[in-house]
Amino acid sequence: MIKIMKQIKPALVCLVGMTILCGVFYTAIVTGIAQLIFPWQANGSMITVRFADGTQKEYGSELIAQEFLGSEYLIGRPLGTSNLSPVSAEQSELVQTRIDWWHSFDPDNTAEIPMDLVTASASGVDPHISPAAADYQVGRISQARGMKESEVRNIIQTYTKGRFLVFIGEPAVNVLKVNLALDGLL
Amino acid sequence: MSIFIWQNLFFVVLLVGLSIPLGIYVYHVMIGKKVFLTPVLTPVEKGLYKLMGVRDEEEMNAKEYTLAILLFGLAGLIFLWLLQMLQGFLPFNPEGLKGPTWHLAFNTAASFVSNTNWQAYSGESTLSYLTQFLGLTVQNFVSAATGIAALFALIRGFILKQQNTIGNFWVDLMRTTLYVLIPLSLVIAIALVFQGVVQTFGPYRVSATLENGSAQILPLGPAASQIAIKQLGTNGGGFFGLNSAFPFENPTPFSNLIEVLSILLIPASLCVTFGKAVKDGRQGWAIYITMMIFFIAALILTTMSEQLFGPSFEGVASSGNMEGKEIIHGIGASSQWAVVTTAASNGSVNAMHDSLTPLGGLVPLFLMQLGEIVFGGVGSGLYGMLAFVLLTVFIAGLMVGRTPEYLGKKVEPFDMKMVCLIVLVPPLLTLLGTAAAVVMPQAVSWLTNSGAHGFSEILYAFTSMANNNGSAFAGFNANTVFTNVLGGIIMLLVRFIPMSAAVFLAGNMAKKKTVAVNEGRTF
């Protein structure tokens, strides 16, 4: 019992000390440096568009997906997460409704639909699609906008990021940035 | 497929390359040798000892060491519970979040104190910034340091001869935090912010979407600082609900590489530390290589399963199982992470494990059910593995009819009792927890998937909690009184029973003489 009492003070003081050190000081130092050197990233990588008349407008974060439904826009992955087993009957049904949606949305397109357009992501707000998924939509977008396919492709190319160090991760097209560029805002 | 081989080969080479110098550095910290940070940190260290009334040269026996661990854990548990319950009245709460229910707060407190970081909540909709950085970030540090401290004690048990003491817990805890965890976390946190991880005390942002102008809420917070230590300390609890799948936690392939490397960095380094400390590098490498063999086999199985055994649909181009995966990570980095996070007792995710292919999801379950010893948690993974080594030496000794020895120490009945506590408590509690959950009448209502996969959601949940991992088949609705209370108790038992056993094992080993090792003694 005496031994327990003897250790209570160090336990409490140590917790307070660590809370100040790891909770307050450490967090404050990281925040300070982050806000000083990388303020744009630290505050959410927001896309701000400045107009000719000097006004500016925020169009969300380049890291968080937005919903697009118009045929003149590049369309991203289904929003939300399913947590379904990929081989379950529920998942097949869900994927089938997405396949049907794509076919009725773009009836002239007979190419195979890329997998990522009919499956939900991990975050539920995946801001990217695969280059194949962007390519699949080029014909439709150029028709809806009366633009040349090569122009659409160029814009997609501009906002495609390759792998890190050639082989780490996967290439990805940022949907929001492509759509902002298509609208002439980027 | 070949790109996945390059990705994983690069990862393993980087991991081994970095773990050697770090392992040696940690050894120097453990024995109190001067390192490059000593001049800066000594005043802080000594000052804290003074406030605590601790003399750093005063050593503890196993009982005192265990008592210190338990009291420190208890203090953390109570503080974290109170902080959550009171957060509605406290500052740094720009979204005005009220406190969670008592049982969710208990589960979360138990989860972070036990280095599990199982989360029955979503950070952005439940916890204030204050709770996150003053409560969770701190436990991310100290629960990791506690695991490493217990390992230091066990290592000393093997080195010391006829001694009653095995070091001072407060010194081990403090030195690990100050010299290892904080400096590494600082560097990694800044690198993560550079890649786009958020770090601010400002409120959530609301902005209008491009196509229809509807309001979109973007949750923010001091995330990068917590994420750095969440990975380094094999904690794994996300700042945001969707963990490292959420772009604000892990925005690029580079941030992903930093994070996934951070998960295994310290557990791998500690194998090197061990070899150095027992003055026999081969012992460290034997364990390192054993772990690596399990790890690589798991990596191959999961990656192949995700790439080849995913479903195919009529009219859709086949490209592996992309359900529950992010584009930037794809099959390769998602499978890699799933294996890394369950080999280590980390439990953060960058893909939804519930949506892995059947074989792809079995591998993480297997890695956890081994008892988190394939690298495992920082400290706890290696003392768990050492328990398995002693078990092996003991069984092999019985088979050839010799007194079993390890590192010159005889392995006796008391040691084997402690080993059994380390090895058997996690599987026992996995079974009991799962069994209790499946007989609950409302169990089916907690599930997203039906049939056998629904059962796997329950089994995964209790496997994860009873091995201090923290990852989930997230379709399982964990925020119920039953799971919060039972799971909370399981996480605490499974953390502190094996840890105490490891320290008592250390105490008993330290008391023994060393027998000279000769060729005749195979073990």
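Here is a short report on the structure shown in this document.

Calculation rules
- Residues numbered from 1 in each chain as written.
- Chains lettered and ligands numbered in written order.
- Predicted model: local features only at pLDDT ≥ 70, side-chain atom pairs only at ≥ 80, totals over all residues.
- Heavy atoms only, no water.
- Pairing = 2+ DSSP bridges.
- Helix = DSSP H or I, 4+ residues; strand = E, 2+ residues; numbered from the N terminus.
- Contact = heavy atoms within 4.5 Å.
- Axes fitted to C-alpha atoms, helices over the stretch in contact; angles between N-to-C directions.
- Polar contact = N/O pair within 3.5 Å; in protein donor to acceptor, adjacent residues only side chain to side chain.
- Phe/Tyr/Trp six-rings, centres within 6.5 Å; stacked < 30°, edge-to-face > 60°.
- Buried < 20%, exposed > 50% of the residue type's maximum accessible area, 1.4 Å probe, protein only.
- Expected span 1.5 Å × (residues − 1).
- Bend = angle between axes of the 7 residues up to and from the residue.

1. Considerations on the sheet that holds strand S4 (residues 128–129) of chain A
All names here are of chain A.
And step 1. The strand order S4-S6-S5 describes an open sheet built from 3 strands, whose pairing is antiparallel. Bordering the open sheet on either side are S4 and strand S5 (160–161), each of which pairs with just one other strand.
And step 2. Looking at chain direction, S4 and strand S6 (residues 172–174) are connected through 2 bridges and run antiparallel. When the bridges of S6 are listed, Ile129 appears paired with Val173.
And step 3. Contacting S4 and S6, helix H6 (residues 175–182) runs over the sheet at an angle of about 50 degrees to S6.

2. Thoughts on the side chain of Ser143(B)
All names here are of chain B.
And step 1. With respect to the secondary-structure elements, Ser143 resides in helix H6 (residues 129–159).
And step 2. Among the polar contacts listed, one links the side chain of Ser143 to the side chain of Asn235, at a separation of 3.2 Å.
And step 3. Ignoring sequence-local partners within four residues, the contact set of Ser143 consists of Phe112, Val113, Asn115, Asn235 and Arg495.

3. Quick notes on the packing of aromatic side chains
And step 1. One pass over the full model with this rule turns up 29 aromatic pairs over all chains.
And step 2. Pairing Trp101(A) with Phe105(A) gives two aromatic rings, centres 4.6 Å apart and planes at 15 degrees, and the pair type is stacked. Of this pair, Trp101(A) and Phe105(A) both sit in helix H3 (residues 89–105), separated by 4 residues, roughly a single helical turn.
And step 3. Centroid distance Trp446(B) to Phe482(B): 5.6 Å. Interplanar angle 20 degrees. Geometry classified as stacked. With a gap of 36 residues between them, Trp446(B) in the loop between helix H14 (413–438) and helix H15 (451–465) and Phe482(B) in helix H16 (residues 481–511) connect regions that are remote in the sequence.
And step 4. Look at Trp446(B) and you get buried, because its relative accessible area is 5%.
And step 5. Linked through ring pairs, Phe11(B), Trp285(B), Tyr288(B), Phe295(B) and Phe375(B) together constitute an aromatic cluster.

4. Digging into H6(B)
Residue and element names in this part refer to chain B.
And step 1. Here H6 is 31 residues long and its end C-alpha atoms lie 44 Å apart, about the 45 Å a rise of 1.5 Å per residue gives.
And step 2. A bend of about 25 degrees at Leu136 is the largest found in H6.
And step 3. In terms of residue burial, H6 counts as a mostly covered element, since 30 of its 31 residues are buried.

5. Remarks on the environment of Phe4(B)
And step 1. Tracing the sequence through the fold places Phe4(B) in helix H1 (residues 2–30).
And step 2. As for Phe4(B) and Ala333(B), which are separated by 329 residues in sequence, their C-alpha atoms are 8.1 Å apart.
And step 3. Setting aside anything within four residues of it in sequence, one finds Phe4(B) in contact with Glu170(A), Thr303(B), Gln307(B), Ile331(B) and Gly332(B).

Take it as geometry only, folks, not as evidence of what the structure does.
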